[in-house]
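Chain by chain, the residues:
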Amino acid sequence: MDRPDLAILAQQSVIGSMLIDERCVPMVFQKLRPEDFTEPTCRTICRAIHKVFLEGKVPDPVAVVGAIKGGDSYVPWMRQAMEATPTAANVGEYIGQVREASMMYRFRNLCMKGIECLDTTEAAELSRKMSLVLSSSDRMPRMTGPELAANFLERMNSKDKPKYLPWGIPTADRATYAELGDMILLGGYSSSGKTLLSVLMAMAQAKAGYKVGYYSLETRPEKMADRIFASVAKVPLDKIKTRDFSEDEWKRFADAMCRVATEFPFDIIQASGFTVDDVITDAIGHGYQVVYVDYVQLLTVAGIRADNPRIVVTEVSQRLKRFAQSTKTAVVGLAQFSRPEEVVVGKGDNKKKVIVPPDMHSFKESGQLEQDADVAFLVWPSNAKDNWSSRLFKIGKNKEGERHTVELAFYGKTQTMVELASKQKFEEAPKGVGDNPFTD
């Protein structure tokens, strides 16, 4: 008997189990849909059983036949299925076989459609669907109370400590518990330093052994490389731009190149013009564990017009969230803030405009970003009129921990941000030289 016949036999056995023992019905529909039955007769009878079950009736053979148009013609098939399934004890095994066969059936159909693809956009969408088919799991995974208790005890007794994503910022490392499968936001105003901060975060994660892919929709990889080497080598960025180095700085670059290549390597992908599905497909293909998108409002969605940014960003956010959860990939999305909000305080001659610090509502275009994020970081200049001022870094959303706001020293020359223990430390730091955690 070949494999397709085994798949049909498994489907018949699931149907037979439900017909001879109604207790199997809820178990089957928790794991399977009628569409998972690829054999037409099995699918028709399964739909009828589902219909009877949802009506609150016992799905016995008589009721099921009555729920099918021309149901009398299915009686011989149903009788055969019941005779071939003497016991429903093995229904769990049959369900697993049907799920496997259904996944492979859908995968093969997508492969056949791939042959007819007319462009790379269509191919990328098919590739995304294939990956979702193969990564699909239990429809409604659940744990009972005893299972929850047993699982908790096992985790607490495990010698393996949980591994959370590092960020290179001590407060964020202590206060957040982001893991693979989470969606993280990093928001800021234009030119506020969020790209620089995200690169330093990606370096920290690559150094910790994660495979990181950084999708840049704004900045070329070469320009980002300049920032990285300025930070690692502690050589001013303007010297890199003018190629004006001292012998000592050349030595620093030699050391920095070795370290970037071996200690914290990560991939930078020039993603200008990418759709969200392009990013997801490429990330799955390269097996990235952490994916950065700089920035999410620049991603497009195939088939959705770009003249309504709110709809596009909502769809982008939802797709990235599904991708993160289904593939256990951490997604870090950079996002622009709306314009700073100003309020007038004081009375009479003491009136003045004050800029309101950004918060979660500041994310541009869509509240979906705020809703989908497990953790959200916000960064902005401490002095709105001085872009060289220190940065304020806020953990604005933290599902499993506290929220904090700290100050980061910003060293533009060497492209470095460092958390400050005190204001005094910032004021005494040499100008243009930061306490870079990646050069210790």
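Since we're looking at a predicted model, the values are computed, not measured.

## Section: the side chain of T85
Thought 1: Relative to the helices and strands, T85 is located in the loop between α5 (75-83) and α6 (91-115).
Thought 2: Classification of T85 as buried rests on a relative accessible area of 2%.
Thought 3: Setting aside anything within four residues of it in sequence, one finds T85 in contact with Q12, S13, G16, S17, I20 and Y94.

## A word on the environment of G346
Thought 1: Considering the arrangement of structural elements, one finds G346 in the loop between β6 (341-345) and β7 (352-356).
Thought 2: We classify G346 as partly exposed; its relative accessible area is 49%.
Thought 3: Residues G346 and D238 lie 108 residues apart in sequence; the distance between their C-alpha atoms is 43 Å.

## Concerning the side chain of Q297
Thought 1: Secondary-structure assignment places Q297 in the loop between β4 (290-294) and α15 (309-327).
Thought 2: Within polar-contact distance, the side chain of Q297 engages the backbone nitrogen of Q336 at 3.1 Å.

## Things to note about the confidence of the model for the protein
Thought 1: For the protein, the mean per-residue pLDDT works out to 82, and 91% of the residues sit at or above 70.
Thought 2: When mean pLDDT is compared element by element in the protein, β4 scores highest at 93, while helix α17 (residues 423-428) scores lowest at 36.
Thought 3: Every residue in residues 422-440 is under pLDDT 50, and counting partners more than four places away or in other chains gives 42 contacts.

## Brief notes about the nonpolar core
Side chains that are nonpolar tend, in soluble globular proteins, to be buried together.
Thought 1: Membership of the largest hydrophobic core comes to 47 residues, with the highest contact counts inside it found for W167, Y292, F377 and F393.
Thought 2: Per-element accounting of this core gives the leading share, eight residues, to helix α10 (residues 194-207).
Thought 3: Once residues within four sequence positions are removed from consideration, Y292 is found in contact with W167, S198, M201, A202, Q205, V212, G213, Y214, Y215, V332 and L334.
Thought 4: Judged by nonpolar contacts, the second largest core, of 33 residues, contains V279, I280, V296 and V313.

What counts and how
- Within any chain, residue numbers begin from 1 and follow the written order of that chain's sequence.
- Local features are withheld for residues below a pLDDT of 70 in this predicted model, meaning they are given only at 70 or higher, and side-chain atom pairs are given and counted only at 80 or more; totals for whole chains, interfaces and linings count all residues.
- Side-chain measures here rest on the full set of heavy atoms in the structure, leaving out hydrogens and waters.
- Labels follow the DSSP assignment, with helices taken as runs of H or I lasting at least four residues and strands as runs of E lasting at least two, numbered in each case from the N terminus.
- Using a 1.4 Å probe on the protein chains alone, a residue whose accessible area is under 20% of its type maximum counts as buried, one over 50% counts as exposed, and one in between counts as partly exposed.
- We call two residues in contact when some of their heavy atoms are within 4.5 Å.
- Identification of polar contacts relies on pairs of N or O atoms within 3.5 Å, with a donor-acceptor requirement for protein atoms, meaning one able to donate a hydrogen and the other able to accept it, and with residues adjacent in sequence counted only if both atoms are side-chain atoms.
- Scored between 0 and 100, pLDDT is the confidence that the predictor attaches to each residue.
- Nonpolar core, defined: a set of buried Ala, Val, Leu, Ile, Met, Phe, Trp, Tyr and Cys residues in which side-chain atoms within 4.5 Å join the residues together.

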